[in-house]
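Listed here are the chains, written in short residue letters.
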Amino acid sequence: MLCLDFVDTMQLGQSMDVELDDLIFRLFALLTAKFEDGASLAANGQGRDHDSQAAKLLADGIQGIAEEIAIVADANGALIECRSR
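Residues numbered from 1 in each chain as written. Predicted model: local features only at pLDDT ≥ 70, side-chain atom pairs only at ≥ 80, totals over all residues. Heavy atoms only, no water.

A. Structural context of the environment of H50. Along the chain, the position of H50 falls in the loop between helix 1 (16–45) and helix 2 (52–83). Not counting the four nearest positions on each side in its chain, H50 is found in contact with N44, G45, A55 and L58. (Helix = DSSP H or I, 4+ residues; strand = E, 2+ residues; numbered from the N terminus. Contact = heavy atoms within 4.5 Å.)

Structure below.
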């Protein structure tokens, strides 16, 4: 994994560590929003008034959100690993 550290060589306002911390926190906020979106779809799917097509659309939406969560979580994990070096 490529981890770059320009803190010692460049100072453009905030340090890269502060910017990286902010990005990590923002990605956690994005993950929270994605989980809430998925929970909303799952709650809608609990209703008994959905036909098969509507239930499939809900399930597909949840699958798509789960894939997005996995991508953001992986990226956030990589950033956290870089920060700890």
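Read on for the rest.
B. Quick look at the packing of helix 1 against helix 2. Two elements in contact, helix 1 and helix 2, have axes whose closest approach is 9 Å; the angle formed by their N-to-C orientations is 160 degrees. Here helix 2 runs roughly antiparallel to helix 1, going by the angle between their axes. Once helix 1 is placed against helix 2, the crossing between them reads as left-handed. Class assignment of the residues belonging to the contact of helix 1 with helix 2 gives a composition of 18 nonpolar, five polar and five charged. (Axes fitted to C-alpha atoms, helices over the stretch in contact; angles between N-to-C directions. Parallel < 35°, antiparallel > 145°, perpendicular 65-115°, else oblique. Left-handed = near helix turned anticlockwise from the far one by under 90°. Nonpolar A, V, L, I, M, F, W, Y, C, P; charged D, E, K, R; others polar.)

C. Here's a closer look at helix 1. For helix 1, with 30 residues, the first-to-last C-alpha span of 43 Å sits near the 44 Å given by 1.5 Å per residue. The complete set of buried residues in helix 1 reads L20, I24, L27, L31, K34 and G38. Looking at the buried side of helix 1, the elements it contacts are helix 2. (Expected span 1.5 Å × (residues − 1). Buried < 20%, exposed > 50% of the residue type's maximum accessible area, 1.4 Å probe, protein only.)

D. Layout of the nonpolar core. L27, L31, I65, I69 and V72 form the largest nonpolar core, which has five residues in total. Looking at this core, the elements with two or more residues in it are helix 1 and helix 2. Sorting elements by how many residues they give to this core places helix 2 first, with three residues. (Core = buried A, V, L, I, M, F, W, Y, C linked by side-chain atoms within 4.5 Å.)

Function cannot be inferred from these measures alone, as they are strictly geometric.
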